[in-house]
Amino acid sequence: MIQAGVIGATGYAGNELVRLLMQHPEVELKTVTSQRYIGKHFCDVYENYREINSLVCEEEDIEKMAEQCDVVFLALPHGVAAKKITKEILKKTVIIDFGADFRLQNADDYEKWYGLKHEGKELLKEAVYGLCELNREKIKNARLIANPGCYTTCSILSLTPLLAEGLAEKNSIIIDAKSGVSGAGRGLVTGSLYCEANESIKAYKVASHRHTPEIEEQLSYVSKQKITLSFTPHLTPMNRGILATCYATVKEGVTEKKVRDAYEKWFGKEYFVRITKEGVFPETRWVKGSNFLDIGFMVDERTNRIIVIGAIDNLVKGAAGQAVQNMNIIFGLEESTGLCHPPIFPG
């Protein structure tokens, strides 16, 4: 059995990870930590675990966890992991980090977009960007996984076949994305309170969202050329979900069939990526509670543009599910182990 520990288990992403690990046939969840709930039973923080999870939230001790666990998940905000992870820890355990500290290979970009000094520059070359469908081979031998963000997972995968196959103009990309309120975390933030978010939709961090350089960097790798794009996130009054509507100008001669062939080439054999039928477009309710990404598209001949729509559950494929998928790859398990749950409906 894989011995696993979760640091930051009582946030939304950490809680989702606990739920998935408890159902995983090859994992024993050994330790959960929480800064806020030290000494409390996990089931007292989340009553849905009553009588099925007897773990107590411990004070974090990453050195001790590295000795006891085969894998340690860090479900923490950006700026924290880089201060905690060392080469010595990585010799003892696998680290899968939910934060942004090791997602960008250029530390200057991180410091510019996050407004923090990067405390772990010496580990950047060891970190692997854990987007499983694109980096599977690199992930297999990794000790430090930078688990991608939710907006980024949906956007990068939705656009990869277009750019990898040279079907779209590289500087024409616009991403209009919507997220459920759980993406803001469990902390008391005025903008995500029920009365503030309900019956409304708003754009935020316009032309300045921190996921922008992550999307650009990974799409640049895919297309083998520098990509610059416009990314605008929106907050919607739902608990879970990401819907990314992506626009790009297609190159001359690109047809619906060429686009579908490209998506089938890249994702036709991917268990967790589902290409919708012609005329059917993704909805967040069809992926809720699952590790699936649904992608649909339409070529608009009138405007010479393509519209690609992707949908994921931000807490699963956008966080905890993808982390488990990474763990499965590293430990040589079938990639879908513990993640074969169909989406829940209604949610």
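Here is a short report on the structure shown in this document. As the structure is a computational prediction, the values presented were derived from the model and not from experiment. (Residues numbered from 1 in each chain as written. Predicted model: local features only at pLDDT ≥ 70, side-chain atom pairs only at ≥ 80, totals over all residues. Heavy atoms only, no water.)

Attention now goes to the overall build of the chain. From N to C terminus, the chain includes twelve helices and 14 strands. Computed over its C-alpha atoms, the radius of gyration of the chain comes to 20 Å, within 12% of the 20 Å expected for a compact globule of 347 residues. In terms of its C-alpha atoms, the chain occupies a principal-axis envelope of roughly 60 × 45 × 40 Å. Across the 347 residues in the chain, those meeting the buried criterion constitute 54%. Of the contacts formed within the chain by residues at least 6 apart in sequence, a portion of 70% connects residues at least 24 apart. (Helix = DSSP H or I, 4+ residues; strand = E, 2+ residues; numbered from the N terminus. Rg over C-alpha atoms; globule rule 2.2 N^0.38 Å. Buried < 20%, exposed > 50% of the residue type's maximum accessible area, 1.4 Å probe, protein only. Contact = heavy atoms within 4.5 Å.)

Time to look at empty space enclosed by the protein. Within this structure, the stated rule accounts for one cavity of 30 Å³ or more. Every residue along the wall of the largest cavity is listed here: Glu-196, Ala-197, Ser-200, Ile-201, Lys-202 and Leu-235. In terms of residue class, the lining of the largest cavity is made up of three nonpolar, one polar and two charged. (1 Å grid on protein atoms, 1.4 Å probe; cavity = no way out; pocket = protein on both sides within 12 Å on 5 of 7 lines; lining within 4 Å. Points joined across faces, edges and corners; volume = space filled by probe spheres on them. Nonpolar A, V, L, I, M, F, W, Y, C, P; charged D, E, K, R; others polar.)

Let us now look at the packing of aromatic side chains. Enumeration according to the criterion identifies ten aromatic pairs in this entry. Within the aromatic cluster, the residues linked to one another by ring pairs are Phe-42, Tyr-46 and Tyr-49. Note that Arg-274 overlies the ring of Phe-292, its terminal NZ or CZ placed 4.5 Å from the centroid. (Phe/Tyr/Trp six-rings, centres within 6.5 Å; stacked < 30°, edge-to-face > 60°. Lys NZ or Arg CZ within 6 Å of the ring centre and 35° of its normal.)

A volume near 450 Å³ is recorded for the second largest pocket. Considering the residues around the second largest pocket, the lining is formed by 24 residues, among which Tyr-12, Val-181, Ser-182, Gly-185 and Asn-239 are closest to the centre. At the level of secondary structure, the elements contributing two or more residues to the lining of the second largest pocket comprise helix H1 (12–22) and helix H9 (194–197). When residues in the lining of the second largest pocket are grouped by element, the largest group, four residues, is from H1. For the lining of the second largest pocket, a count of residues per class yields twelve nonpolar, eight polar and four charged.

This model, assessed by the stated rule, comprises zero disulfides. Cys-69 forms no disulfide, and the closest cysteine sulfur to it belongs to Cys-57, at a distance of 15 Å. Between Cys-340, a free cysteine, and Cys-132, which holds the nearest cysteine sulfur, the sulfur-to-sulfur gap is 14 Å. For Cys-340, a relative accessible area of 45% corresponds to the partly exposed category. (Disulfide = S-S within 2.5 Å.)

This part is about the sheet that holds strand S11 (residues 242–249). If you walk across this open sheet you meet the seven strands as S9-S10-S8-S11-S14-S13-S12, and the pairing is mixed. Where the open sheet ends on each side, the last strands, each with one partner, are strand S9 (202–203) and strand S12 (273–275). Relative to strand S13 (residues 293–300), S12 runs parallel, the two being bridged by three bridges. In the strand pairing of S13, Ile-275 is matched with Ile-295. (Pairing = 2+ DSSP bridges.)

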